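# Structural overview
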Amino acid sequence: MQEFLDTSIAFLPGVGPKRAELLGKELNIVTYRDLLYYFPYKYIDRTKFYKISELDPDLPLVQIKGFIKGYYTEGHGQGKRLVADFHDETGIIKLVWFRGAKWITGSYPPGVEFIVFGKPGVFNGIINMIHPEIEEAAKAEQRISSALQAQYSTTEKLKNQFVTSKTISRLIGNLLKKIKFRIPETLPPYIVSEYHLMDLHDTLFKVHFPASPAEMEKARYRLKFEELFYIQLNLLRFKTNRSLKNKGFVFSSVGDNFNNFYYNNLPFSLTDAQKRVMKEIRKDLGSGRQMNRLLQGDVGSGKTLVALMSMLIAIDNGYQACLMAPTEILASQHFQTISKLVEGLGIQVNLLTGSSGRSLRKTIDETLRDSSLHILIGTHALIEENVKFKNLGLVIIDEQHRFGVAQRARLWEKNLNPPHVLVMTATPIPRTLAMTLYGDLDVSVIDELPPGRVPIKTMHFSDSERNKVYGFIRNQIDEGRQIFIVYPLIQESEKMDYKNLQDGWDTISRVFPAPKYCISIVHGKMSPAEKETSMRLFKEGYAHILVATTVIEVGVDIPNATVMVIESAERFGLSQLHQLRGRVGRGASQSYCILMSSDKISKEAARRLEVMISTNDGFEIAETDLQLRGPGDIEGTLQSGIPFDLKIANLGRDGQVIEYVRRIAEGILEKDPLLEEERNYVLKSEMKRLFSVKQSWSNIG
Ligand code: ADP
Ligand code: MG
């Protein structure tokens, strides 16, 4: 039976070698199984008929019943078309064909009742349908078919070869007719019955040809359940395997370094959220299992402190620690902050980036080997170069979405025993999405900002109100504050972006002329040393305004900067806007985020800006973002842990199912961690089939 499903679709009636090749290329449909698992993207209710008087061009595909009055042609040359007036008792529309006139007039004579199916459009104020599907009403009523007609997506190339949604539906029908056996279950029977799922055989028939909406829902639910269930089972199994395999260093004690810091150097008291997260981390570090934890916390929530205290625990137990950041600016900022925080504690900290000189590298190398260096901070130079620790016990990765999964793996491939891993991110990820994207990590959340922060005020101005904004900036500078002005950087048109930035800088320099004002600039084309100089000018308060591209997106901490102006804000995604806004509001005074846009923007862009104005809550913004654009982009940037495309489930919309199946998967692994029980045999073999792609990322954080 399995062999049957592995048969090439070339053997299916109606396919043949040429179509088979095309289907493989265009839709990845190669075998019977692929075709069976090519699910409709929507269904059209063919029991519903519209009256012609109800039609308007905003409707999707609709069905009407009536008579053709007569044919005539309109237009010339390319625009020449066959037109039929089609009427029911409520009105009249035009049916339009640009091809096949002879065949149409021969097949659909006036006076016969037809069912016409198509998308209403409008031309010269009259409703029309271009190339509709037509069927004789009497015949359609005899035809045994499901009420809901499945619609399949196809491609331009397929359509040109006459493979339409309807063709695919017919091919699937042909395949189902050939299936003379029960399609074997891919879930254990006890799961199917316990969770009241439709069995697989029925599911695969009904998802393509449902008799009712209820049946369709039930079939789709079963398929979503299964798809998401296996993803969760897979993720959770990594987690289980890892904790069985990786011993993890035991950091049993909290010693002098931590205590001295906590009681003497800590400049403020921890927030409750920071305390809770520290407890969670300490528990991991002492457990004898390797920590793989994700720390989520909105911008400014104080993750750096948590990182430092975790590193101090590592040092207290005789280990070294490293902290990796995505950019040189951030790495050197961490280096400065942390060096200052541990002043007087006898802890050695150093910084390694791509632009570190040879003698510094030599020192780092030596002090790492003789273990006199306790904390090494850096960029990906930490993993790209031949950096050898004597005893690396803890790795902290800040803003990991900038790091590829593979890069993370290289961090400790040289170590026999993998160090503990803490991944920090300020990108708020909706809970259910995180369950999949980081499904094999434990999650801690800092859901509280340090006290005394004044919420940022966000405003939107269009280009025509620019002078107002400059006036506002001038006042803020007079009050001693500093200003960020950010321009979008979109890779595809780097040159143009760069020009925008230059033009912007020219304008700003004219409006805020030297010597009264000092303006600093940072962008991706500058060398690290140049960037460093510009940043320092701003950081140390000499520059009033920092003009930048999004290189300043993450982590930069300049409490005196109170205004974030985002140019062409309509071009940014929500999460990026939120990240940028997080650069201000770090001190005690009122901060502002000013969203600049052109006078006319799209509805969706307007909605994004509205959301920014209405809330400062990163998670709320992330949820909206997920609804507005779906999880696609987010998955892309975060490198999801799913080795295949989802066929039916949607990470954005099926959050509840994700939570549900995750609990079920957890329950199963708790009782049978290696899936060795007889009744779980199906799970094991399905996992093997689904996840046979090499998963070297299985043992990384
Ligand atoms: P992020 O989570 O974005 O990395 P940071 O660690 O950079 O945030 O912290 C932002 C600012 O808040 C820093 O200036 C830091 O010193 C300050 N901070 C952190 N924790 C506290 C606290 N418990 N009380 C007061 N200020 C804090
Ligand atoms: Mg940070």
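Analysis parameters
- Sequence order as written defines the numbering, with residues in each chain counted from 1.
- Just so you know, chain letters begin at A and ligand numbers begin at 1, following the order they were written in.
- Owing to the predicted nature of the model, reporting of local features is limited to residues with pLDDT of at least 70; listing and counting of side-chain atom pairs is limited to 80 or more, with chain, interface and lining totals taken over all residues.
- Hydrogen atoms and water are omitted, and side-chain values are computed over all heavy atoms in the structure.
- Counting from the N terminus, the helices are the DSSP runs of H or I reaching at least four residues and the strands are the DSSP runs of E reaching at least two.
- Only protein chains enter the accessibility calculation, which uses a 1.4 Å probe; a residue whose area is less than 20% of its type maximum is buried, one above 50% is exposed, and one in between is partly exposed.
- For this analysis, a ring pair means two rings from Phe, Tyr or Trp (six-membered ring only for Trp) whose centres lie within 6.5 Å, classed as stacked if their planes differ by under 30 degrees, edge-to-face if by over 60, and tilted for the remaining angles.
- Whether a charge sits over a ring depends on NZ of Lys or CZ of Arg being within 6 Å of the ring centre and within 35 degrees of the ring normal.
- Using only the protein atoms, space was sampled on a 1 Å grid; points where a 1.4 Å probe fits but cannot get out form cavities, open sets with protein on both sides within 12 Å along at least five of seven lines form pockets, and lining residues are those with an atom within 4 Å of a point.
- Grid points are joined across faces, edges and corners, and a volume is the space filled by probe spheres set on the points.
- Under the convention adopted here, Pro, Cys and the residues Ala, Val, Leu, Ile, Met, Phe, Trp and Tyr are nonpolar, Asp, Glu, Lys and Arg are charged, and Gly plus all remaining residues are polar.
- By this definition, two strands are paired if DSSP reports at least two bridges between them.
- Lines fitted to C-alpha atoms define the axes here, with helix axes fitted over just the stretch in contact, and angles between the N-to-C directions of these axes take values from 0 to 180 degrees.
- Contact criterion: two residues are considered in contact whenever any of their non-hydrogen atoms come within 4.5 Å of each other.
- Domains are outlined according to an automatic or database domain assignment.
- Take the number of residues in a helix, subtract one, and multiply by 1.5 Å to get its expected span.
- In a left-handed crossing the near helix is turned counterclockwise from the far helix by less than a right angle, and in a right-handed crossing that turn is clockwise.
- Near residues are defined by distance, with any heavy atom within 4 Å of the molecule or strand qualifying the residue.
- Within 3.5 Å is the distance limit for a polar contact, defined as a pair of N or O atoms, with the added protein rule that one can donate a hydrogen and the other accept it, and that residues adjacent in sequence qualify only through two side-chain atoms.
- Note on areas: Shrake-Rupley, 1.4 Å probe, and residue coverage restricted to the protein chains presented here.

## What about unusual backbone geometry?
Here the bond from Ala514 into Pro515 is cis, since omega is 0°, no more than 30 degrees from zero. Position of Pro515 among the secondary structure elements: in the loop between helix 20 (494–511) and strand 19 (519–522). A positive phi is found at Asn28, a non-glycine position, where the angle reads about 65°. As for its placement among the helices and strands, Asn28 is situated in the loop between helix 2 (16–27) and helix 3 (32–36). Given the relative accessible area of 62%, Asn28 is considered exposed. Residues other than glycine seldom take positive phi values, yet Asn124 does so here, at roughly 50°.

## Quick notes on the packing of aromatic side chains
Describing an aromatic ring pair means giving the distance of the ring centres and the angle of the ring planes. Enumeration according to the criterion identifies 21 aromatic pairs in this entry. An angle of 75° between the planes, with centres 6.3 Å apart, marks the rings of Phe225 and Tyr660 as edge-to-face. Here Phe225, found in helix 10 (residues 213–245), pairs with Tyr660, found in helix 26 (residues 655–671); they are 435 residues apart in sequence, far enough to count as distant. By relative accessible area, which is 0% here, Phe225 ends up buried. Residue Tyr660 is classed as partly exposed on the basis of its relative accessible area of 30%. The ring of Phe49 has Lys65 lying over it, and the distance from NZ or CZ to the ring centre is 4.8 Å. When the ring centre of Tyr190 is taken as origin, the NZ or CZ atom of Arg679, which lies over that ring, is 3.9 Å away.

## Considering the layout of surface pockets
Considering only enclosed or pocket space, the largest pocket measures out at about 1800 Å³ in volume. Secondary structure elements with two or more residues in the lining of the largest pocket: helix 4 (101–107), strand 5 (113–118), strand 8 (133–136), strand 9 (148–151) and helix 7 (165–178). Ranked by residues supplied to the lining of the largest pocket, first place goes to helix 7 with nine residues. Each residue belonging to the lining of the largest pocket can be placed in one class, and the counts come to 18 nonpolar, 15 polar and 10 charged.

## Notes on empty space enclosed by the protein
Counted by the stated rule, this structure contains one cavity of 30 Å³ or more. In this structure, the largest cavity encloses a volume near 30 Å³. Surrounding the largest cavity, Arg466, Val469, Tyr470, Ile473, Ile485, Ile508, Val565, Glu567 and Met596 form its lining. With four residues, the single largest contributor to the lining of the largest cavity is helix 19 (residues 466–478). Partitioning the lining of the largest cavity into residue classes produces seven nonpolar, no polar and two charged.

## A word on the sheet that holds strand 21 (residues 561–566)
If you trace the six strands from one edge of the open sheet to the other, you get 17-22-21-18-20-19, paired in parallel fashion. Strand pairing shows two members of the sheet lacking a second neighbour, strand 17 (457–462) and strand 19, which therefore form its edges. Across the sheet, the axes of successive neighbouring strands diverge by a mean angle of 20°, strand direction being ignored. In the sheet, strand 18 (residues 482–486) pairs with strand 21 via five bridges, with the strands oriented parallel. Looking at the pairing, Gln482 lines up with Ala561 of strand 21. Against the sheet, helix 22 (residues 574–581) touches strand 17, strand 18, strand 21 and strand 22 (592–597), its axis set at about 155° to strand 21.

## Focus: the domain arrangement of the protein chain
Domains assigned within the protein chain are domain 1 (47–144), domain 2 (227–246 + 651–700), domain 3 (256–446) and domain 4 (457–615). Look at where the C-alpha atoms of domain 1 and domain 2 centre, and you get two points 51 Å apart.

## Overview of helix 26
With 17 residues, helix 26 should reach 24 Å at 1.5 Å per residue; the first-to-last C-alpha distance of 25 Å fits that figure. All buried positions along helix 26 are accounted for by Gly655, Val657, Ile658, Val661, Arg662, Ile664, Ala665, Ile668 and Leu669.

## Here's the deal with the packing of helix 22 against helix 23 (residues 603–614)
For the pair helix 22 and helix 23, the least separation of the axes is 10 Å and the interaxial angle reads 35°. Like other packed secondary-structure pairs, helix 22 and helix 23 cross with a definite hand, here right-handed. Where helix 22 abuts helix 23, its residues Leu574, Leu577, His578 and Arg581 lie against Arg608, Leu609, Val611 and Met612. Split into classes, the residues belonging to the contact of helix 22 with helix 23 amount to five nonpolar, one polar and two charged.

## With respect to the site of ligand 1
Taken together, 17 residues form the shell around ligand 1, and within it Gln274, Gly300, Lys303, Thr304 and Arg453 come nearest. Gln274 is positioned with one of its side-chain polar atoms (N or O) 2.8 Å from a nitrogen atom of ligand 1. For ligand 1, whose free accessible area comes to 570 Å², the fraction covered by protein is 82%. It is helix 13 (residues 303–316) that provides the largest number of residues to the shell around ligand 1, a total of three residues. In terms of residue class, the shell around ligand 1 is made up of five nonpolar, seven polar and five charged.

## Re the side chain of Asn350
Topologically, Asn350 is positioned in strand 12 (residues 349–352). Beyond its immediate sequence surroundings of up to four residues, Asn350 is in contact with Phe335, Leu360, Ile364, Leu373, Ile375, Leu376 and Ile377.

## Side note on the pairing of strand 4 (residues 91–97)
Of all seven residues making up strand 4, five are buried, and the element is well covered by its neighbours. In terms of strand pairing, strand 3 (residues 81–88) meets strand 4 through seven bridges, oriented antiparallel. Bridging from a neighbouring strand, Val83 pairs with Val96 of strand 4. The hairpin turn running from strand 3 into strand 4, its antiparallel successor, is two residues long. One ladder, built from three bridges, connects strand 4 with strand 7 (residues 126–130); its direction is parallel. Within strand 7, the position partnered with Lys94 by the bridge is Asn128.

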